[in-house]
Amino acid sequence: MAAEIHIPTLAPEAIFHIGNLNITNTMINAWIAIVIFLILGIFIKRSISLKPGKLQNASEFFLDTLLGYFDQVTGDRKKTIRFLPIVGAIFFFILLSNWLGLLPGTGSITVGHNMLLRPANTDLNLTLAMALVSVIGSHLYAFATIGVFTHLGKFVQIKNVFKSFKKGPIAVLTAIIEFGVGLIEIVSEVAKVISLSLRLFGNIFAGEVLISVISALVAALVPTPFMLLEVLVGVIQAAVFAMLTLVYMTVATSAPHGDEEEAHH
Amino acid sequence: MANVEHTTETPVVTPVNMEETHAEVVEHGATADAGLAASLGINAQLFVFQLINFTVVAVILWFLVLKPLTKTLAERKKMIDESIDNAKEIETNLALSEKEYQDKLKEAKGEANKVIEHAHTEAKQLGEDMKVKAKTEVEGIVAQAKKSIQSEKVQMMEEIRQESATLIVTALEKILNEKMDGNIDKKIIEDSLKNLKK
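Since this is a predicted model, take the numbers as computed values, not measurements.

What counts as what
Residues numbered from 1 in each chain as written. Chains lettered and ligands numbered in written order. Predicted model: local features only at pLDDT ≥ 70, side-chain atom pairs only at ≥ 80, totals over all residues. Axes fitted to C-alpha atoms, helices over the stretch in contact; angles between N-to-C directions. Helix = DSSP H or I, 4+ residues; strand = E, 2+ residues; numbered from the N terminus. Left-handed = near helix turned anticlockwise from the far one by under 90°. Contact = placed C-beta atoms within 7 Å. Pairing = 2+ DSSP bridges. UniProt positions renumbered as here; feature names shortened; annotations may be inferred. Core = buried A, V, L, I, M, F, W, Y, C linked by C-beta atoms within 7 Å. Buried ≥ 20, exposed ≤ 12 C-beta atoms within 10 Å, placed from the backbone.

**Q** Explain the packing of helix 2 (residues 54-74) of chain A against helix 8 (residues 223-252) of chain A to me, using residue names and the numbers behind them.
**A** Residue and element names in this part refer to chain A. The geometry of helix 2 relative to helix 8 is characterised by a closest axis approach of 9 Å and an angle of 35 degrees between their N-to-C directions. Helix-helix and strand crossings are classified by hand; for helix 2 and helix 8 the assignment is right-handed. Within the contact between the two elements, helix 2 uses Phe70, Val73 and Thr74 and helix 8 uses Met243, Leu246, Val247 and Thr250.

Right under this line is the structure:
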């Protein structure tokens, strides 16, 4: 019984090769998502009008609901729309990839000893790529919004150290602590990438393993509640990744406290 | 960088591995990191591929779905806002027109009342004038009639006198042609006088 259980590996499996390029099962899943988005996008783009049809109406409903949640983080619809190219892509791609992983055939169709399809987010390369886009994107938005030096000044707060010499020893101590905090912030930026990528990867991989094991033990009906749970996990993980990206971008594009206070004075 | 074939191999932790000295761990630190990344499936080639996949998704989603939809939502919102503004403006204009209409109506009613009142006054005046004129005319007619009657009366009297004289003359002639005595003469005169009185 236990010998029949196929535990997915951490790394994606190469299904075939194009020259020296390895094509993995997670990549095929990502391509399916791309094709679905492309078809959906072409239909929406063709039929878009001020008087919406059924497809446009449904799409607008989802988008408007999502924008409402995003607005709660950014506090401004203009900011939300500005961040939407990255945040929207992250949310919808993670959501669709996660749900595609629950379709029949994923994990069960095999090529040789490998699965033909695996949920795209069980590939750490993809989650890492999205996390890097998220964090690097937030810094690029910050450079464009508050300026390169102002943003870099949040991490290397040497300016405050020089200023503090005129204000006395307590100010110097505070400035040194702030300088240290700035350096720790650099570490936290790396931690953001790691936590974003590993959280999504871990959750989806765990779900895949769970469903694989349960399906191997009892094939019918018993895995259903777990699959429903995975539907929920798919939405939650997409929302968490997108919301955190949005928070990073909102925080990065806001002026540092010192500048705000100076601006008020 | 390790290829995918290598990444599928999960490193096995054995008691022998655990007995490695600290120095050996430090010596093989870089290899271990690479091994950990490989065991998790991190691979430069796959990473680039997945980054491209995500970029393609982002481009498709933004240009085919999100941008057109957000643009349409914004346009519709703008149109609704404009429609509401227009509706408010129309409502205000309507209220103003209604007020203007009511004012005009009131003014017209006032003018109409004035005209009616004036017409009443004029009609009354005209009636009075006509009454006076009619009275005057009637009085004139009556006076004329009286005058005419008086004239006719005078003329009649004159004619009567003349007739009486002629009658008297005729009677005298007749009497004169007959045998006249005192009684007859007296009788004739009396008869004549009687006739005159009649």
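After that view, the rundown keeps rolling.
**Q** Describe the pairing of strand 1 (residues 14-18) of chain A, with residues and values.
**A** Residues and elements named next belong to chain A. Pairing of strand 1 with strand 2 (residues 21-24), which is carried by 4 bridges, proceeds in the antiparallel orientation. Note on strand 2: the bridge partner recorded for Ile18 is Leu21. Counted between consecutive antiparallel strands, the loop separating strand 1 from strand 2 contains 2 residues, among which Gly19 sits at a positive phi close to 65 degrees.

**Q** Give me the lowdown on the UniProt feature "transmembrane region" (unreviewed entry) in chain B, citing residues and values where you can.
**A** Here the UniProt-annotated "transmembrane region" (unreviewed entry) positions come out as residues 47-69 of chain B. The straight-line gap between the two end C-alpha atoms of residues 47-69 of chain B is 31 Å; of that span, 100% is helix and 0% is strand.

**Q** How would you sum up the nonpolar core? Please name residues and give values.
**A** If you look at the biggest cluster of nonpolar residues, it comprises 61 residues, and the most contacted ones within it are Ala33, Val87, Ile90 and Phe93 of chain A together with Val57 and Leu61 of chain B. Among the secondary structure elements, those contributing two or more residues to this core are helix 1 (25-47), helix 2, helix 3 (77-100), helix 4 (124-146), helix 7 (169-217) and helix 8 of chain A together with helix 5 (44-177) of chain B. With 13 residues, the single largest contributor to this core is helix 3 of chain A. Leu61 of chain B has contacts with Phe37, Gly88, Ala89 and Phe92 of chain A together with Leu66 of chain B, leaving out every residue within four places of it along the chain.

**Q** Run through the interface of chain A and chain B, naming residues and quoting values.
**A** With 42 residues of chain A in contact, the opposing surface of chain B contributes 36 residues. Listed by contribution, the elements that provide at least two residues to the side of chain A that touches chain B are strand 2, helix 1, helix 2, helix 3 and helix 4 of chain A. Of all the elements, helix 1 of chain A adds the most residues to the side of chain A that touches chain B, at 11 residues.

**Q** Report on the environment of Ser59 of chain A, specifying residues and quantitative values.
**A** Residue position: Ser59 of chain A is located in helix 2. Put simply, Ser59 of chain A and Val213 of chain A are 154 residues apart on the chain and 36 Å apart in space, counted from C-alpha to C-alpha. Look past the residues within four positions of Ser59 of chain A in its chain and what remains in contact with it is Ile44 of chain A together with Val65 and Leu69 of chain B.

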